[in-house]
Amino acid sequence: LCSLKAVAYKNQLTIGASIARKAGDLALKIREGNIGIESKSDESPVTIADKACEALIVKELGEAFPADGQLGEEGATRESTSGRRWIIDPIDGTRDFIRGTGAWSVLIGLEENGAIVVGFAYFPTTGTLYSAARGEGSWRTRDGKTERIQATNPPTKSEALLCCNGMGFMH
C-alpha cells in the first residue's frame, strides 16, 4: 500500500518542486530591489516578496490541483473538496531574507486527512531543494543531482549535530 500511495504522490512531488523553485526565483529577483518591509499584526515582518511568492504558489497549486484546499502564511485560504490541503510559507525566515542571509526558504507541504504526506523546502540562495513523500523517503537536489537523504542516529551525544540560525527569547 505504501508504494501505491507514493506513486500517487509523484505528480504532487514534480509539480510542487517546480512551484517551490519558481517562488524562490521570484523572491531572489525581488530581493534585488525594494523589498517593501511591513509589520503584521503580530509584529513579525512581511515583505513584497512574501506576498508575491504566496500569490504565485496559490495560483499554480490551484491550477494544478483545483480540488485541494490551501492555507498560506500570508492569509491565503481555500476550502478543500478532496480531503487535502496545501500549507504554504512563501518565505520561511523573512528576517533572514530582509538581512540578505541565505538562511531562508520556500516551504510547501501537502496535508491529507490531517497528516503531512508531501513536503518541500527550497533554499534559493544555494539552489538546494529538499523534498519528501510519505512512504517514499526524502531527497536533496542541487546542481542537477538528486540524492536520497535520511536522518542519522549518532551513537553518542557528542557525535550529534544541531544547526540553527538564531535564538528566540521570550520576554
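Shown above is the structure to which this text applies.
Residues numbered from 1 in each chain as written. Predicted model: local features only at pLDDT ≥ 70, side-chain atom pairs only at ≥ 80, totals over all residues. Heavy atoms only, no water.

**Q** How should I be thinking about the nonpolar core in this particular structure?
**A** A general trend in soluble globular proteins is that nonpolar side chains are found buried together. By size, the foremost hydrophobic cluster in this structure holds 30 residues, and its most contacted members are Ile-57, Leu-61, Ile-108, Val-118 and Phe-120. Of all elements in the fold, only helix 2 (10-31), helix 3 (48-64), strand 5 (84-92), strand 6 (105-112), strand 7 (115-123) and strand 8 (128-133) reach the threshold of two or more residues within this core. Here the element with the most residues in this core is helix 2; it accounts for seven residues. (Core = buried A, V, L, I, M, F, W, Y, C linked by side-chain atoms within 4.5 Å. Buried < 20%, exposed > 50% of the residue type's maximum accessible area, 1.4 Å probe, protein only. Helix = DSSP H or I, 4+ residues; strand = E, 2+ residues; numbered from the N terminus.)

**Q** When you look at the sheet that holds strand 8 in this model, what are you seeing that I'm missing?
**A** Paired through their backbone hydrogen bonds, the strands of a sheet run either parallel or antiparallel. Strands sit in the order 4-3-5-6-7-8-9-10 across an open sheet of eight strands; the sheet is mixed. Edge positions in the sheet fall to strand 4 (77-78) and strand 10 (145-149), since each of these pairs with one other strand and no more. Sheet topology places strand 3 (residues 69-72) next to strand 4; two bridges connect them, and they run antiparallel. Its bridge partner being in strand 4, Leu-71 is matched across the sheet by Thr-77. (Pairing = 2+ DSSP bridges.)

**Q** When you look at the pairing of strand 6 in this model, what are you seeing that I'm missing?
**A** One face of the sheet, then the other: side chains in a regular strand alternate in exactly this way. Among the eight residues in strand 6, seven count as buried, and that is most of the element. Bridge analysis of strand 5 against strand 6 gives seven bridges, and the strand direction is antiparallel. Directly across from Asp-92, in strand 6, lies its bridge partner Ser-105. Of the pairings in the sheet, the one linking strand 6 to strand 7 comprises seven bridges and is antiparallel in character. The residue bridging Val-106 from the neighbouring strand is Tyr-122, located in strand 7.

**Q** Is there a simple way to think about the environment of Gln-12 in this case?
**A** With respect to the helices, strands and loops of the structure, Gln-12 is situated in helix 2. Accessibility expressed as a relative area gives 5% for Gln-12, which makes it buried. Along the backbone, Gln-12 and Val-118 are 106 residues apart, and their C-alpha atoms lie at a distance of 7.6 Å.

From the geometry alone we can't say anything about function, so treat these as descriptive.
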